[in-house]
Amino acid sequence: MSLLRCHACPVPLSPSRHHKRLPCPRLHLFATRSRPSLALPSLSKSLHRHPFRCSSMSVQEDTPASQLQDSLLHSRAYWVNKSLIAWNVDIEDGSCFLYASKCASLAVTDDGIQAGYDVKIKLERAGGPLPANVIEKFPHIQDYGAFELPPALDAKTLLKCQLAVAIFRSDGRCCDATGLQLPGVLDELFAYTGPLGAVFSEEAISLYLWAPTAQTVRAFLYREPLGGDPFEIVALEEVEGVWTAQAPKDWEGCYYVYEVCVYHWTTLQVEKCYANDPYSRGLSSDGRRTLLVNLNSEALKPEEWDKLADKKPCIKCCADISIYELHIRDFSANDGTVPPDVRGGYEAFTLQESAGVQHLKKLSDAGITHVHLLPTFQFAGVDDEKEKWKFVDVKKLEELPPDSDEQQFQITAIQNEDGYNWGYNPVLWGVPKGSYASNPNGPSRTVEFRRMVQALNKIGLRVVMDVVYNHLHASGPFDENSVLDKIVPGYYLRRNADGFIEHSTCINNTASEHFMVERLILDDLLCWAVDYKVDGFRFDLMGHIMKRTMLRAKAALHGLSKERDGVDGSCVYIYGEGWDFGEVAKNGRGINASQFNLCGTGIGSFNDRIRDAILGGSPFGHPLQQGFATGLYLQRNGHDHGTQAKEKLMLALSKDHIQVGMAANLRDYVFTNHEGNELIDFQVKGSEVLTYDGSPVAYALCPTETVNYVSAHDNETLFDIVSLKTPMPISVDERCRMNHLATSIIALSQGVPFFHCGDELLRSKSLDRDSYNSGDWFNRLDFTYSDNNWGVGLPPKEKNEKNWLLIKPRLADPSFKPQKSNILAAVDNFLNVLRIRYSSPLFRLRTANAIQDRVRFLNTGPSQIPGVIVMSIEDGHEGVPGLTQLDPIYSYIALVINACPSEVSFASLALQAKALQLHPVQVMSTDEIVKSSSFEASSGCFTIPARTTSVFVEPRNI
């Protein structure tokens, strides 16, 4: 998920005097009164979709009666610890009271909360600011006033009630009232580190549910995954906020659902919420019931499963990683070499002779180390029961013109009822998605997911799982996909100053700053790493997760051992999107896991700077803005970039950004930029090179903190963006070379290279900029290399209509479509640059110091040749002082990237007498153009063909 990208969500994107303490009245809580549950669904829905902000009223203002009556719909006060409530009001000479009602009968009138409460407690204004530990946890309320609770208060019992606070003037008139946000006090009183979920022993099954605000909890047990009556209803007992029950061992394989009787802040009622176990490890189809499944059961383990840790592909250092991003359904849904009943699912990866697996083998043999799978946990948006899916008539679509709007019309008509979605709609994080399994009920999804991991490992590929801990698909007490917000309402989701859920990530932002949210994330990661032997994790919108959580995640994963856990945790790599926006921006909710905050942690984050410099602009700018590889200044497309001088400067700045990225985007890497002169020591650090908005380009302190990429599942594919940004009259052959030029920059950079599946296939989505729900039609892959899916109709209207005028003539022009020969050449060239990367450790330097000492950029400063990057990497010689020797084969590497539409020559005095030769991989290439690259030692001059990346090496035996 990229910055501000919203997939499949209905919501627009859019901080002393000592007061006398009064004794606490004795609290009497009565049984919940029997009455209908008034859900106020339309009002609740409105508040969730369009959260609004209102500052709390001061006591000097008269609050309209109607506003007072609606005040409990808000939760503007925070119960931050057992002794303090924070509220942004000034009582002056007034008074403040806390009210509690177990049966949720609080009502506000002009005279305040006059009826419906079981308890009324006077609060005293605390002198001074909030405590430092409270401000650290809740920095957004640091300026709020604090109100003290009586020390003898039975807070644990009160927390099961509807709660409100109200302010009264000295004349007794109510000025303001509001509900409370409870995560602070819940964390202090109920933080829990014991067992959760279903725990299996030889004698019994024990259930544990953390639900400290619940009044009662029952488990409904079923024999079948769907339908029928429960064969048993078990009442759980509570101890310190954890509800427990024991079940006989023979219930394994049965299903259960929790009934949680709890006050829900969205309806202002005590609701009976029916939900799955947050720690579910198995489900029935569409997550309607939790399966009692023991992941340690031998029946669920593929053959040799427990020995997989010893058979995984070797990774000596995370700097050796390269990543290939892939969607499970994309991989095989269109593969005719895969049996129809297996296409689009886990089992397709186990078919060693399929076209898709054969392609993955080629990538693995060339150097790709990890396959990054888009979300594979239980998500909403795709029915698990395949017989319910709807399909289009593909043969009819194939007969339509390439620029027709009919294809997208038919696809979008069924897009929420077909089998396709990227999966960024989390329902339950800890269970494999049922629609990818042969049977969504029972343990099939567990077994088949494991077989998939095992099969990928077998062909030399480790597995990265895309985790989406930043938001949940649903909330509230009634939505069938809501889980966490039914168990402890208002705790798991991040709320704004008025108490409404934050939606900046898409919808229902989660709050990893809360103890049990962080714990759930960590437990989930460990489950995937230990029980499914996943090798890495990519964090969607990682910047919305706290840095502390990410550090604890890394420590927990790296603490795993083969002897104890069957996993070598030191090889688990974690990375993600470190974008800094929304309510967490600038550490608004604590120190978050943004790009700049993560330096020094070893956690990777995506480098959008190199992407934008290579392609031009950004995903949110004008679609025709060109970049280094798409013809900026060198081959204009007609878009107004400004004067020729401005365009030339833009190209030079883009080149600087790329060079910083090729040096692993290191904050302290020193080089000569477009303004500099190395002879007079005019150099800059990577952090001193600035982006268009004035922020530093570089943020990393070590190479593995940078994930370089030019294409991902978000936005147009690489081939599509090249086709959109380049001048219309150029040939498809030229566009193919631009495509390869872009991927070669990523493949030969320091840091961790990341490729979207299809970068190497000239993959097209018919210019769709957000294909998350565009069906198999727009997302098709062809591993026979016959077609790249260009020109299959105008992309879906919702996300693309504003660009249809640009898209339509390109799709209609047959010269834009690559032939099979173009695709085969692209695959071959991609494999070659991977082979080159893995031919020398010099392309995979492990430390910032090694990069600073060995990597140099030539063709810099004001006199540089526009559109040409020259990078050298120097190795030491055994027995010679200075650099250590890392590469036994090559002592020096130089690569030249020529983005120009014509051949260029570049000479350097520093390279005279170097015995540089074209890399053997390129000498043996089927690309006749790169073979014509040359180097003349006497002059130190390279001659490089148009739109070509050429790599030269100095063998040690010369």
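Since this is a predicted model, take the numbers as computed values, not measurements.

Bringing the overall build of the chain into the picture now. Within the chain, the secondary structure is distributed over 26 helices and 38 strands. Expected size for 958 residues packed as a compact globule is a radius of gyration near 30 Å; at 30 Å, the chain falls within 12% of this value. Projected onto its principal axes, the C-alpha positions of the chain cover 95 × 60 × 60 Å. In the form shown here, the chain has an accessible surface area of approximately 34,800 Å², with 52% of it arising from carbon and sulfur atoms. Taking the average place of the 94 positive charges on the side chains of the chain and the average place of its 115 negative ones, the gap between the two points comes to 1 Å.

With that settled, consider the packing of aromatic side chains. The geometry of two aromatic rings is summed up by the distance between their centres and the angle between their planes. In this structure the tally under the stated criterion is 36 aromatic pairs. A network of ring pairs unites the aromatic residues Tyr346, Phe379, Tyr436, Phe449, Trp528 and Tyr532 as a single cluster. Positioned over the ring face of phenylalanine 97 is lysine 120, at 4.5 Å from the centre of the ring. Above the ring of tryptophan 777, the side-chain terminus of arginine 780 is found at 4.0 Å from the ring centroid.

Let's shift gears to the environment of valine 530. Tracing the backbone shows valine 530 in helix H13 (residues 515-531). On the basis of relative accessibility, which here comes to 23%, the residue valine 530 falls in the partly exposed class. Distance from valine 530 to cysteine 941, taken between C-alpha atoms, is 54 Å for residues 411 residues apart in sequence.

Another point: the pattern of salt bridges. Going through the model one piece at a time under the given rule, you end up with 48 salt bridges. Between arginine 451 and glutamate 347 there is a salt bridge, with the nearest N and O atoms lying 2.9 Å from each other. Highlighted residues: arginine 451 in helix H11 (residues 444-458) and glutamate 347 in the loop between helix H7 (328-332) and helix H8 (355-366), separated in sequence by 104 residues. Arginine 451 sits in the partly exposed class, given a relative accessible area of 32%. Measuring nitrogen to oxygen at the nearest pair gives 2.7 Å for the salt bridge that ties glutamate 647 to arginine 636. You can see glutamate 647 sitting in helix H17 (residues 644-662) and its partner arginine 636 sitting in the loop between helix H16 (608-615) and H17, a full 11 residues away along the chain. A relative accessible area of 42% places arginine 636 in the partly exposed class. One network of salt bridges, in which partners are shared, links Asp466, Arg538, Asp540 and Glu577.

Turning to the sheet that holds strand E9 (residues 174-181), a few remarks are in order. The pairing of strands in a sheet happens through backbone hydrogen bonds and is either parallel or antiparallel. An order of E1-E2-E7-E6-E3-E8-E9 is seen for the seven strands of this closed barrel, with the pairing classed as mixed. This sheet shows a mean twist of 35° between the axes of neighbouring strands, independent of strand direction. Pairing geometry for strand E3 (residues 95-101) and strand E8 (residues 162-168), over seven bridges, is antiparallel. Bridged to leucine 98 within E8 is valine 165. Contacts between helix H5 (residues 183-190) and the sheet are confined to strand E1 (77-81) and E9, with E1 contributing the most and set at about 20° to the helix.

A word on the confidence of the model for the chain. With 93% of its residues at a pLDDT of 70 or more, the chain shows a mean pLDDT of 92. At the level of individual helices and strands, the chain shows its lowest average pLDDT in helix H1 (residues 41-49), which scores 27, and its highest in strand E30 (residues 752-756), which scores 99. Note on residues 1-61: pLDDT under 50 across the span, and 159 contacts to partners over four residues away in sequence or across chains.

This next bit is on a negative patch on the surface. A surface patch of like charges, here negative, comprises Asp90, Glu92, Asp93 and Asp171. One can find aspartate 93 in the loop between strand E2 (84-87) and E3. Relative accessible area serves as the criterion here: at 58%, aspartate 93 is assigned to the exposed category.

Here the focus is the environment of glycine 345. Tracing the sequence through the fold places glycine 345 in the loop between H7 and H8. In sequence terms glycine 345 and arginine 329 are 16 residues apart; their C-alpha atoms lie 6.1 Å from each other. In this structure glycine 345 touches Ile328, Ser332 and Tyr436, once residues within four positions along its chain are discounted.

Spatially, eight strands are ordered E19-E20-E23-E24-E25-E26-E29-E30 in a closed barrel, and the strand pairing comes out parallel. Across this sheet, the average inter-strand angle for adjacent strands is 30°, counted without regard to direction. Against the sheet, H16 contacts strand E26 (604-607) and strand E29 (706-709), and its axis sits at roughly 20° relative to E26.

As a further point, take the state of the cysteines. The tally for this structure, following the rule as stated, stands at zero disulfides. Cysteine 103 provides the cysteine sulfur closest to cysteine 161, a residue in no disulfide bond, and the two sulfurs are 8.9 Å apart. Here cysteine 175 is not cross-linked by a disulfide; its sulfur's nearest cysteine counterpart is in cysteine 174, at 6.5 Å.

Assignment of secondary structure puts arginine 763 in the loop between E30 and helix H20 (775-779). Reaching out from arginine 763, the side chain makes a polar contact with the backbone oxygen of cysteine 757 at a distance of 2.9 Å. Those residues in contact with arginine 763, other than ones at most four positions away along the chain, are Asp330, Thr717, Phe719, Asp720, His756, Cys757, Gly758, Asn779, Arg780, Leu781 and Asn788.

Take H17 next. Helical periodicity: at 3.6 residues per turn, an α-helix aligns residues three or four positions apart in one direction. Compared with the 27 Å implied by 1.5 Å per residue over 19 residues, the 27 Å span of H17 between its first and last C-alpha is a close match. Trailing H17 by a residue or two, alanine 664 shows a phi angle of about 65°, which is positive.

Moving on, we come to the environment of aspartate 887. Along the chain, aspartate 887 falls in the loop between strand E32 (868-874) and strand E33 (890-898). Aspartate 887 sits in the buried class, given a relative accessible area of 1%. With 45 residues separating them in the primary sequence, aspartate 887 and leucine 842 have C-alpha atoms 6.9 Å apart. With sequence-adjacent residues up to four places away left out, aspartate 887 is seen in contact with Ser839, Ser840, Pro841, Leu842, Asp875 and Arg956. One polar contact links the side chain of aspartate 887 to the main-chain amide nitrogen of tyrosine 890, over a distance of 3.2 Å.

The topology assignment puts asparagine 822 in helix H23 (residues 820-837). Residue classification places asparagine 822 among the buried residues on the basis of a relative accessible area of 9%. Residues in contact with asparagine 822, not counting those within four places in the same chain, are Val732, Asp733, Cys736 and Leu762.

Parameters and conventions
- Residues numbered from 1 in each chain as written.
- Predicted model: local features only at pLDDT ≥ 70, side-chain atom pairs only at ≥ 80, totals over all residues.
- Heavy atoms only, no water.
- Helix = DSSP H or I, 4+ residues; strand = E, 2+ residues; numbered from the N terminus.
- Rg over C-alpha atoms; globule rule 2.2 N^0.38 Å.
- Areas by Shrake-Rupley, 256 points an atom, 1.4 Å probe, with all protein chains shown as cover.
- Lys, Arg positive; Asp, Glu negative; His and termini not counted.
- Charge placed at Lys NZ, Arg CZ, Asp CG, Glu CD.
- Phe/Tyr/Trp six-rings, centres within 6.5 Å; stacked < 30°, edge-to-face > 60°.
- Lys NZ or Arg CZ within 6 Å of the ring centre and 35° of its normal.
- Buried < 20%, exposed > 50% of the residue type's maximum accessible area, 1.4 Å probe, protein only.
- Salt bridge = Lys/Arg side-chain N within 4 Å of Asp/Glu carboxyl O.
- Pairing = 2+ DSSP bridges.
- Axes fitted to C-alpha atoms, helices over the stretch in contact; angles between N-to-C directions.
- Contact = heavy atoms within 4.5 Å.
- pLDDT = per-residue confidence, 0-100.
- Patch = residues over 30% accessible without salt bridge, like charges linked within 9 Å, V, L, I, M, F, W, Y side chains within 5 Å.
- Disulfide = S-S within 2.5 Å.
- Polar contact = N/O pair within 3.5 Å; in protein donor to acceptor, adjacent residues only side chain to side chain.
- Expected span 1.5 Å × (residues − 1).

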